[in-house]
Amino acid sequence: MAGLVLKGIKKSYGDVQTLHGIDLEIQDGEFIVFVGPSGCGKSTLLRSIAGLEEISAGELYIGKKRVNDEPPSKRGVAMVFQSYALYPHMSVHENMAFSLKLAGASKEETNAAVDRAAKILQIEPLLDRKPKALSGGQRQRVAIGRAIVRKPDVFLFDEPLSNLDASLRVQMRVELSKLHGELKSTMIYVTHDQVEAMTLANRIVVLSAGRIEQVGAPLELYHRPANLFVAGFIGSPKMNFVSGQLIAADEKLAQIKLKSGAVVKAAVDARRLKPGAAVTFGVRPEHASIDVEPGDSTMAGKIQVVERLGDTTYFYLEVAGSETSFIVRAPGDKHAKVGENIVVGLPLQRCYVFDEKGQACPVTW
Amino acid sequence: MAIVLDKSHRWRVVAAHLGLIAFISLCMFPFLMILSISLRPGNFAVGSLIPDQISFEHWKLALGISYQAEDGSLVTPPFPVLLWLWNSIKVALISAFIAVLLSTTAAYAFARMKFRGKKHWMTALLLMQMFPTVLALIAIFSIFDYLGSYVKVLGVDSHWALILAYAGGIALHVWTIKGYYDTIPVEIEEAAVVDGATHWQAFKYVLLPMAKPILMVVFLLAFIGAIIEYPVASVLLHQEANLTLAVGSKLFLYEQKYLWGDFAAAAILSGMPITLVFVLSQRWMVGGLTAGGVKG
């Protein structure tokens, strides 16, 4: 059990810099998720923590110890790989016992540790099998079991569920959550799937192009995104963005004129921007409402596509000033046809305003 | 086989089979010819493929047994063929073993480690081996002649000298094994390293067991290469008792008299160890050793 401190971690391959100074403090027992699009450096950061990649600059502490120059085996970490990376020539038992065998543990000790891990993961009947006789989900359990056996201070997961099919992924997600509750170890989990991030994490670290965009609890990121990137990344379907112009701002409210000419209000403090500044107005599909009368804080759009999921329906609207379709969530039985014009209500306490650099204006609710 | 076939398909199958049979006959003919010569009385290179009369005189000589000739005289084996065979097997086994040992470790370095000029070293290795060994014969001879004056066991006319010379020819094996290592996902070894393994332990416990098939292939290639090698062995080995079978068999063919029959028997004998090693090694040459390790 240990916390981690990352101080200005940089990583470069030759001239290409992939991590641009990562500062982060991870508490003991926390479940931290690194999330970001592919190529954002999240896996590199995880591998640097594991010791599989050298850190180019900065300092890494696990517990109280500076581990920059320690080999992976001395860092007290265990890692679960995306591809499982089981030892194909060893049985499940041998796979899980490998680290203890290397450490020179006694047979009784090893067997006890393996049995305990197998019990937690419910893979006891599989112990004598080879990995190739296992299904994808079982293999991933063995890979996790191999990590548990080591009793590491820190668990590292590198997209462990992305090779599983959708239903198994949901099941394993729940089990990982339970596992964290049982073991209470520090866990660092890398994923590109924001749903996994939202459901598993105590805190999420959103990364983009080798930089931390925002760190915070799932709901904090959802309700108070720091910038356009986080706002667009967290939440599904993603937040709608419409470009516009700031008309007026006081400490409680900002008024924005959208490209279509509609004037909308958002409960944000945009006083640091001058009236007339170009801004991006954002609202999530689930917060925009339809079935409203035209009036204050509304805008009109033409339906392009209707997606019916049963319990909900998504309307994809064509709206001036929005590069992609403006998505609105409606109840499942809501009737509207493609080509119709509908009016969308924009509740001011659920709207966001971003400046030209993509930074969010602080919300005032 | 539920694919719907064209009507002309049958004739194409027949034609393909005929072609294959003709090709196999072409491949088999030299072997059958040598077998026939070794079983034919007298030493004639030409004659019918199926001998009119079968005689084991050449085989007796090859196996070191004397026989009574038709005129009543006792014919004793002219050369120690079985000893040569043993020499060949000994040299081939040891040098193949050393070749595997050196090339697996070298290939590991080339496949997994980062060092300056890696690519160029790989190419250089291959280029150097592209020159025929014959071109280096004088060099090889003088090197071992010189070595012999300091280390007796590595001098000319010593099997260890020959083994050392053969062990130098591993560049191709390094390439072969490196190619195989490259297909094994590196995550598996990374997992071992996180599990607490050193580079050496990851290599020994994780990579090597998965690479068994290619190691057997390389062992077999090195073994065959050593058994059939002639030029280097002929330069380094002189005394009759030291010769390998490939070099020794040549003694059956001297200018005045070509003992084709005895030569044929010895030639077939030299194929035996290769066949045996091949059959034995086949059980390790199986695919799918890495199956299940990573998501395919």
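Predicted model only: the values in this text are computed from it and were never measured. (Residues numbered from 1 in each chain as written. Chains lettered and ligands numbered in written order. Predicted model: local features only at pLDDT ≥ 70, side-chain atom pairs only at ≥ 80, totals over all residues. Heavy atoms only, no water.)

Draft legend 1. Representation of the pairing of strand β12 (residues 254–258) of chain A. Residues and elements named next belong to chain A. Burial along β12 is one-sided: the residues Ala254, Ile256 and Leu258 are buried and none of Gln255 and Lys257 is. Inspection of the sheet shows strand β11 (residues 240–249) paired to β12 by 5 bridges, in the antiparallel sense. Looking at β12, one finds that Gln245 is bridged to Lys257. Counting the residues that bridge the hairpin from β11 to β12 gives 4 residues. Adjacent in sequence and paired antiparallel, β12 and strand β13 (residues 263–266) are bridged by 4 residues, among which Gly261 carries a positive phi angle near 105°. (Buried < 20%, exposed > 50% of the residue type's maximum accessible area, 1.4 Å probe, protein only. Helix = DSSP H or I, 4+ residues; strand = E, 2+ residues; numbered from the N terminus. Pairing = 2+ DSSP bridges.)

Draft legend 2. Highlighting the packing of aromatic side chains. Tallied over the full model, the rule gives 17 aromatic pairs over all chains. Note on Phe98(A) and Tyr205(B): the rings are 6.2 Å apart at their centroids and 80° apart in plane angle, and the pair reads as edge-to-face. Pair noted here: Phe98(A) is in helix α2 (residues 92–103) and Tyr205(B) is in helix α9 (residues 199–210), and the two residues belong to different chains. Since its relative accessible area comes to 27%, Tyr205(B) is described here as partly exposed. Just above the ring of Tyr13(A) sits the side chain of Lys11(A); from NZ or CZ to the centre is 4.8 Å. Note that Arg146(A) overlies the ring of Tyr87(A), its terminal NZ or CZ placed 4.6 Å from the centroid. (Phe/Tyr/Trp six-rings, centres within 6.5 Å; stacked < 30°, edge-to-face > 60°. Lys NZ or Arg CZ within 6 Å of the ring centre and 35° of its normal.)

Draft legend 3. Highlighting the nonpolar core. Counting residues in hydrophobic clusters, the biggest one holds 101 residues, and the most contacted among them are Leu4(A), Leu6(A), Phe34(A), Leu156(A), Ile188(A) and Tyr181(B). Of all the elements, helix α3 (residues 81–112) of chain B adds the most residues to this core, at 12 residues. Leu156(A) has contacts with Leu46(A), Ile49(A), Ala50(A), Val77(A), Ala78(A), Met79(A), Val80(A) and Ile188(A), leaving out every residue within four places of it along the chain. Within the second largest apolar cluster, 46 residues are counted, among which are Ile148(A), Leu183(A), Tyr189(A) and Val206(A). (Core = buried A, V, L, I, M, F, W, Y, C linked by side-chain atoms within 4.5 Å. Contact = heavy atoms within 4.5 Å.)

Draft legend 4. Molecular detail of the interface of chain A and chain B. Counting from both sides, the interface comprises 26 residues of chain A and, opposite them, 23 residues of chain B. Taking both partners together, chain A and chain B bury about 2100 Å²; carbon and sulfur atoms supply 63% of that area. Interface area lost by chain A to chain B is led by Pro88(A), His89(A) and Leu102(A), which between them contribute 25%. On the surface where chain A and chain B come into contact, there are 1 salt bridge. The interface formed by chain A and chain B contains 7 residue pairs in polar contact (both at pLDDT 80 or more). (Buried area = accessible area lost by both parts, 1.4 Å probe. Salt bridge = Lys/Arg side-chain N within 4 Å of Asp/Glu carboxyl O. Polar contact = N/O pair within 3.5 Å; in protein donor to acceptor, adjacent residues only side chain to side chain.)

Draft legend 5. The arrangement of the sheet that holds strand β18 (residues 341–345) of chain A in detail. All names here are of chain A. Strand order across the open sheet formed by 4 strands is β17-β16-β15-β18, with antiparallel pairing between neighbours. Bordering the open sheet on either side are β17 (326–331) and β18, each of which pairs with just one other strand. Averaged over all adjacent pairs, the angle separating strand axes in this sheet is 50°, with direction ignored. The pairing of strand β15 (residues 298–308) with strand β16 (residues 312–318) spans 6 bridges and is classified as antiparallel. When the bridges of β16 are listed, Arg308 appears paired with Thr313. (Axes fitted to C-alpha atoms, helices over the stretch in contact; angles between N-to-C directions.)

Draft legend 6. Representation of a nonpolar patch on the surface within the structure. A cluster of nonpolar side chains, namely Leu20(B), Ile24(B), Met28(B), Phe29(B), Phe31(B), Leu32(B), Leu35(B), Leu49(B) and Ile50(B), defines an oily patch on the protein surface of about 830 Å² accessible area. Within the fold, Leu20(B) resides in helix α1 (residues 9–39). (Patch = residues over 30% accessible without salt bridge, like charges linked within 9 Å, V, L, I, M, F, W, Y side chains within 5 Å. Areas by Shrake-Rupley, 256 points an atom, 1.4 Å probe, with all protein chains shown as cover.)

Draft legend 7. Seen up close, the pattern of salt bridges. Residues and elements named next belong to chain A. Per the stated rule, a full pass over the model turns up 12 salt bridges over all chains. A salt bridge links Glu159 to Lys42; its shortest N-O distance comes to 3.8 Å. Residue Glu159 is found in the loop between β7 (154–158) and α5 (166–183), and its partner Lys42 is found in helix α1 (residues 42–50); the two are separated by 117 residues along the sequence. Like Lys42, Glu159 is buried.

Draft legend 8. A look at the sheet that holds strand β9 (residues 203–208) of chain A. All names here are of chain A. Pairing within the open sheet is mixed, and its 6 strands lie in the order β6-β7-β8-β3-β9-β10. Strands with a single pairing partner mark the edges of an open sheet, and in this sheet they are β6 (77–80) and β10 (211–216). Neighbour-to-neighbour, the strand axes of this sheet turn through a mean angle of 20°, independent of strand direction. In terms of strand pairing, strand β3 (residues 31–35) meets β9 through 4 bridges, oriented parallel. Its bridge partner being in β9, Val35 is matched across the sheet by Val206. In this fold α5 packs onto β3, β7 and β8 (186–191), with an angle of close to 160° to the strand it touches most, β8.

Draft legend 9. Structural context of the side chain of His159(B). All names here are of chain B. Looking at the element boundaries, His159 is found in helix α6 (residues 159–167). A polar side-chain atom of His159 sits 2.8 Å from the main-chain carbonyl oxygen of Asn242. For His159, the residues in contact, after removing those within four places along its chain, are Asn87, Lys90, Val91, Leu237 and Asn242.

Draft legend 10. Quick peek at the environment of Ile65(B). All names here are of chain B. The topology assignment puts Ile65 in the loop between α2 (57–62) and β1 (67–68). For Ile65, a relative accessible area of 43% translates into the label partly exposed. Sequence separation of Ile65 and Pro77 is 12 residues, and the distance between their C-alpha atoms is 6.6 Å. Setting aside anything within four residues of it in sequence, one finds Ile65 in contact with Lys60 and Pro77.

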